[in-house]
Number of protein chains: 2
Amino acid sequence: MREELGGLVSAIDHVGIAVADLDEAVDFHRRTFGLVPTHQEVNEDQGVREAMLAAPGEGPGATRVQLLAPAREDSTIAKFLDRNGPGLQQLAFRVTDVEAACERLRERGTRLLFETPRRGTADSRVNFVHPKDAGGVLVELVQPAE
Amino acid sequence: MREELGGLVSAIDHVGIAVADLDEAVDFHRRTFGLVPTHQEVNEDQGVREAMLAAPGEGPGATRVQLLAPAREDSTIAKFLDRNGPGLQQLAFRVTDVEAACERLRERGTRLLFETPRRGTADSRVNFVHPKDAGGVLVELVQPAE
Ligand SMILES: [Co+2]
Ligand SMILES: [Co+2]
């Protein structure tokens, strides 16, 4: 049994913030911190409207801020906002192979939220580590599209 | 009045996670995700034991995970753990000039936690935006040491 994801995690991909209103939050981060929106989409499967933002001048591989707003009331983000209000919600590690990463985590008894990876931002494939098995942090594993 | 920090924020510096036991958390992140410790220190001023971790192969400018454990019971991190348990605690933007950034934020009515910047990790200079003025997120502004 391999103990770690050595070689599988290649970067801190993004930090996710739950927000009530996506457009307002994008505008706030642009005006307040000068962050630059690089991507926006609706993920129907996860019930979320989302945007990626970068610090100005950062390259395509640099860590992003991900703003997440509910697209429907039964979504994870809607429930998070009800329980906690807006704020930091998730931390995403970029992996080279999300299936291999999930398999290695399961071998060591770490629980994942989905049986198999789902579609994430920009056709990436994602899964999530249960916060109880990751020090209270909702950890996303994201394998970018080819 | 300038509306944004345009030109002042240059990167997402780190994401801070509150943990009860620093050594245990460093070991967990190393074993579970393959993250590599790059720095460790005790900040007496802020009452915190902390470590920085990077994804393997990442350069010195890449976003870090910062693990924060209480060094004394009246510290911000101890209070955070009492209230919320372990988990995501802060998001730090790297700035080229922390005093100019704070001045520009104050001009637009944004509250900062300290009157003047304090010593942060590795002799950086830091201040924090009040979470109520930053969408529920404790935002740190960090100007690295020269
Ligand atoms: Co995400
Ligand atoms: Co920090």
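What counts and how
Residues numbered from 1 in each chain as written. Chains lettered and ligands numbered in written order. Predicted model: local features only at pLDDT ≥ 70, side-chain atom pairs only at ≥ 80, totals over all residues. Heavy atoms only, no water. Donors = N, O, S within 2.8 Å, 3.2 Å for Na, K, Ca; no water. Tetrahedral: all angles 85-135°; square planar, octahedral: opposite > 155°, others 65-115°. Helix = DSSP H or I, 4+ residues; strand = E, 2+ residues; numbered from the N terminus. Buried < 20%, exposed > 50% of the residue type's maximum accessible area, 1.4 Å probe, protein only. Least-squares fit on C-alpha atoms with pLDDT ≥ 70 in both. Contact = heavy atoms within 4.5 Å. Polar contact = N/O pair within 3.5 Å; in protein donor to acceptor, adjacent residues only side chain to side chain. Pairing = 2+ DSSP bridges. Axes fitted to C-alpha atoms, helices over the stretch in contact; angles between N-to-C directions. Salt bridge = Lys/Arg side-chain N within 4 Å of Asp/Glu carboxyl O. Phe/Tyr/Trp six-rings, centres within 6.5 Å; stacked < 30°, edge-to-face > 60°. Lys NZ or Arg CZ within 6 Å of the ring centre and 35° of its normal. UniProt positions renumbered as here; feature names shortened; annotations may be inferred.

Observations regarding the coordination of the cobalt ion (ligand 1)
Residues and elements named next belong to chain A.
- For the cobalt ion (ligand 1), the full set of protein donor atoms is His14 (NE2), Gln66 (OE1), Gln90 (OE1) and Glu140 (OE), and the range of their distances to it is 2.0 to 2.2 Å.
- Note that the cobalt ion (ligand 1) binds four donor atoms; their angles at the metal cover 74 to 161°, and the shape is irregular.
- The motif formed by the donor residues of the cobalt ion (ligand 1), counted along the single chain, is H-x51-Q-x23-Q-x49-E. Of this pair, His14 sits in strand S1 (residues 9-18) while Glu140 sits in strand S8 (residues 139-143), placing them 126 residues apart in sequence. Comparing His14 with Glu140 shows no difference in burial state: the two are buried.

Digging into the relation of the copies chain B and chain A
- Superposing chain B onto chain A takes a rotation of 180° plus a shift of 0.0 Å along the axis, which leaves an RMSD of 0.0 Å. Taken together, these values place the two copies in the relation of a two-fold axis.
- The overlap is high: 100% of the interface residues of chain B also sit at the interface in chain A, so the same surface is used on both sides.

Section: the environment of B:His14
Residue and element names in this part refer to chain B.
- Classification of His14 by relative accessible area gives buried; the value is 1%.
- Considering only alpha carbons, one finds His14 and Val65, 51 residues apart in sequence, at a separation of 5.5 Å.
- Polar contacts involving the side chain of His14 include one to the side chain of Asp13, which spans 2.7 Å.
- Within the structure, His14 has its side chain in polar contact with the side chain of Gln66 (distance 2.8 Å).

With respect to the pairing of strand S5 (residues 87-95) of chain B
Residue and element names in this part refer to chain B.
- Most of S5 is tucked away, with nine of its nine residues classed as buried.
- Two elements, strand S1 (residues 9-18) and S5, share eight bridges in a ladder whose sense is antiparallel. By the bridge assignment for S5, Ala11 is matched with Arg94.

Topic: the sheet that holds strand S4 (residues 64-70) of chain B
Residues and elements named next belong to chain B.
- Taken in spatial order, the eight strands of this open sheet run S2-S3-S4-S1-S5-S8-S7-S6, and their pairing is mixed. The two strands at the open ends of the sheet, each matched to only one other strand, are strand S2 (36-43) and strand S6 (118-119).
- Lying on the sheet, helix H1 (residues 22-33) is in contact with S1, S2, strand S3 (48-54) and S4; it crosses S3 at an angle near 10°.

Here we look at the coordination of the cobalt ion (ligand 2)
Residue and element names in this part refer to chain B.
- Bound to the cobalt ion (ligand 2) are the protein donor atoms His14 (NE2), Gln66 (OE1), Gln90 (OE1) and Glu140 (OE), situated 2.0 to 2.2 Å from the metal.
- If you look at the cobalt ion (ligand 2), its four donor atoms make angles of 75 to 161° with each other, and the shape they trace is irregular.
- Mapping the donors of the cobalt ion (ligand 2) onto the primary sequence yields the spacing H-x51-Q-x23-Q-x49-E.

Looking at the pattern of salt bridges
All names here are of chain A.
- In this structure the tally under the stated criterion is 20 salt bridges over all chains.
- Among the ionic pairs, Asp45 bridges to Arg118, the shortest N-O distance being 3.7 Å. Of this pair, Asp45 sits in the loop between strand S2 (36-43) and strand S3 (48-54) while Arg118 sits in strand S6 (residues 118-119), and the two are 73 residues apart along the sequence.
- Here Asp45 falls in the partly exposed class, since its relative accessible area comes to 41%.
- Accessibility expressed as a relative area gives 36% for Arg118, which makes it partly exposed.

Overview of the packing of aromatic side chains
- Evaluated as defined, the whole model comprises six aromatic pairs over all chains.
- Where A:Phe114 meets A:Phe128, the ring centres are 5.9 Å apart and the plane angle is 90°; that geometry is what we call edge-to-face. Residue A:Phe114 is found in the loop between helix H3 (98-107) and S6, and its partner A:Phe128 is found in strand S7 (residues 125-129); the two are separated by 14 residues along the sequence. Across the pair, A:Phe128 and A:Phe114 agree in class, each one buried.
- These aromatic residues form a ring-pair network of at least three members: A:Phe28, A:Phe33 and B:Phe93.
- Residue placement shows A:Arg118 over the ring face of A:Phe114; its charged tip is 4.0 Å from the ring centre.

Describing the sheet that holds S3(A)
- Here we have eight strands laid out as an open sheet, ordered S2-S3-S4-S1-S5-S8-S7-S6 (chain A), and mixed in their pairing. If you trace the sheet from one side to the other, it starts and ends with S2 and S6 of chain A, each paired once.

Overview of the UniProt feature "domain: VOC" (unreviewed entry) in chain A
- Mapped onto this numbering, the UniProt entry gives "domain: VOC" (unreviewed entry) at residues 11-144 of chain A.
- A helix fraction of 23% and a strand fraction of 38% characterise residues 11-144 of chain A, whose end C-alpha atoms lie 11 Å from each other.

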